[in-house]
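Observations on chain architecture
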Amino acid sequence: MRSQDMNRDWIVTARTLSEALPNLQRYSGAIVVVKFGGNAMGDAQAMAEFARDIVLMRQVGINPVVVHGGGPMINEMLGKLGIESNFVRGKRVTDQATVEVVEMVLTGLVNKRIVQAIMDQGGRAVGLSGKDDDLMVCEADDPELGFVGKPVQMNPQVLHDLFGAGIIPVVAPVATGRGPNETFNVNGDTAAGAIAGALKADRLMLLTDVSGVKNQSGEVMTELTPQEVRHLTDEGVISGGMIPKTETALKAIEDGVRGVVIIDGRVPNACLLELFTEHGSGSLIRS
Ligand code: X2W
């Protein structure tokens, strides 16, 4: 409602918008790939807030691509169906029955939930998987893992076509193979990295549930180079669940992505904080 009351909050809002101008200009036309993991999805409100940030990015001239996970949702459905699954080095061992559930849950349930959340915020979103227009073609990653895919050929034209139409692509990490009728389950971070690499994206944002890459003293490093990442990994400072993220980051940078940020998706407006404020958030890896 309009009012003459010069309430401080409104003044802060106007100032924040004004200060964002240089960053808005810097990212105009940029391609930003956002990995939205199952653990970052949280409740309906978290989903709505994430969707609003993505729609805002599009509104200010960025081309965002959402690549999602959904591990916890796959676990829940496998549990209901009485199918057991195990993880080896962070990846789900995927047999024929499991890959069918993975495809159903990711491309059906999770993908459409995100598309709907973006539509609810007034954006335009289209959901697809790596199978659509052969966006992501895979080979088996490791015989021990079954139908887990390693991306070997990317065809990102469909994403450019969607950007041109003002549509936000939402991609499920399920892929086709080189042979007929093959389906692969791809780790969400791996898929996001491969898509960002194929697009030579300006930014790959990996939304996680930790605050970033930490140094020896446990402090979050705001910026680090690929060499520093390798050094910290050799020293054992980067370990556990952070390793697949930093490996994805290094590979994406090698493929031509300008910068990769690892941020805490639970922080409200994490993406906007990173892109549009001097403060940034999480850890930025770039050469
Ligand atoms: C993952 C795909 C989903 C995913 C899985 O089956 O759980 C592999 O492990 P989050 O939520 O990002 O963990 N695929 C091969 O990556 O989900």
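I will try to describe carefully the structure that is included in this document.

1. What to know about unusual backbone geometry
The phi dihedral of Lys 200 is positive, around 45°, even though this residue is not glycine. By the secondary structure assignment, Lys 200 is in the loop between helix H8 (188-199) and strand E11 (203-208). One non-glycine residue, Asn 269, adopts positive backbone phi at about 55°. Locating Asn 269 in the fold gives a position in the loop between strand E13 (260-264) and helix H11 (270-276).

2. Describing the site of the ligand
Of all residues adjacent to the ligand, which total 15 residues, the nearest are Lys 35, Gly 38, Gly 70, Arg 92 and Gly 188. Between Asn 185 and the ligand, the recorded distance is 3.0 Å, taken from a side-chain N or O atom to a nitrogen atom. One nitrogen or oxygen atom from the main chain of Gly 188 is found 2.8 Å from an oxygen atom belonging to the ligand. In the complex, the protein chains occlude 90% of the 430 Å² of accessible area that the ligand would expose alone. Counting residues per element, the ones that place at least two in the shell around the ligand are helix H5 (71-80) and strand E4 (91-92).

3. Side note on the nonpolar core
Counting residues in each nonpolar core, the largest one holds 43 residues, and the members touching the most others are Val 34, Phe 36, Val 66, Ile 114, Ile 118 and Met 205. Of all the elements, helix H6 (residues 96-120) adds the most residues to this core, at nine residues. Among all residues touching Phe 36, those that are not within four sequence positions of it are Met 41, Met 47, Phe 50, Val 66, Val 67, His 68, Gly 69, Ile 114 and Leu 207. Formed by 40 residues, the second largest nonpolar core is a distinct cluster that contains Leu 128, Leu 135, Val 186 and Met 221.

4. Regarding the environment of Gln 157
Residue position: Gln 157 is located in helix H7 (residues 157-164). Here the alpha-carbon distance between Gln 157 and Ser 85, two residues 72 residues apart in the chain, equals 35 Å.

5. A closer look at the environment of Thr 233
Summarising the element assignment, Thr 233 is placed in helix H9 (residues 226-234). On the basis of relative accessibility, which here comes to 29%, the residue Thr 233 falls in the partly exposed class. C-alpha separation for the pair Thr 233 and Ile 263, spaced 30 residues apart in sequence, amounts to 18 Å.

6. Here's the deal with the side chain of His 68
On the secondary structure map, His 68 appears in strand E2 (residues 63-68). Looking at His 68, the relative accessible area reads 0%, which means it is buried. Within polar-contact distance, the side chain of His 68 engages the side chain of Asn 111 at 3.2 Å. Setting aside anything within four residues of it in sequence, one finds His 68 in contact with Lys 35, Phe 36, Met 41, Leu 106, Val 110, Asn 111, Ile 114, Val 170, Val 171, Ala 172, Pro 173 and Gly 188.

Rules and cut-offs
Residues numbered from 1 in each chain as written. Predicted model: local features only at pLDDT ≥ 70, side-chain atom pairs only at ≥ 80, totals over all residues. Heavy atoms only, no water. Helix = DSSP H or I, 4+ residues; strand = E, 2+ residues; numbered from the N terminus. Near = heavy atom within 4 Å. Polar contact = N/O pair within 3.5 Å; in protein donor to acceptor, adjacent residues only side chain to side chain. Areas by Shrake-Rupley, 256 points an atom, 1.4 Å probe, with all protein chains shown as cover. Core = buried A, V, L, I, M, F, W, Y, C linked by side-chain atoms within 4.5 Å. Buried < 20%, exposed > 50% of the residue type's maximum accessible area, 1.4 Å probe, protein only. Contact = heavy atoms within 4.5 Å.

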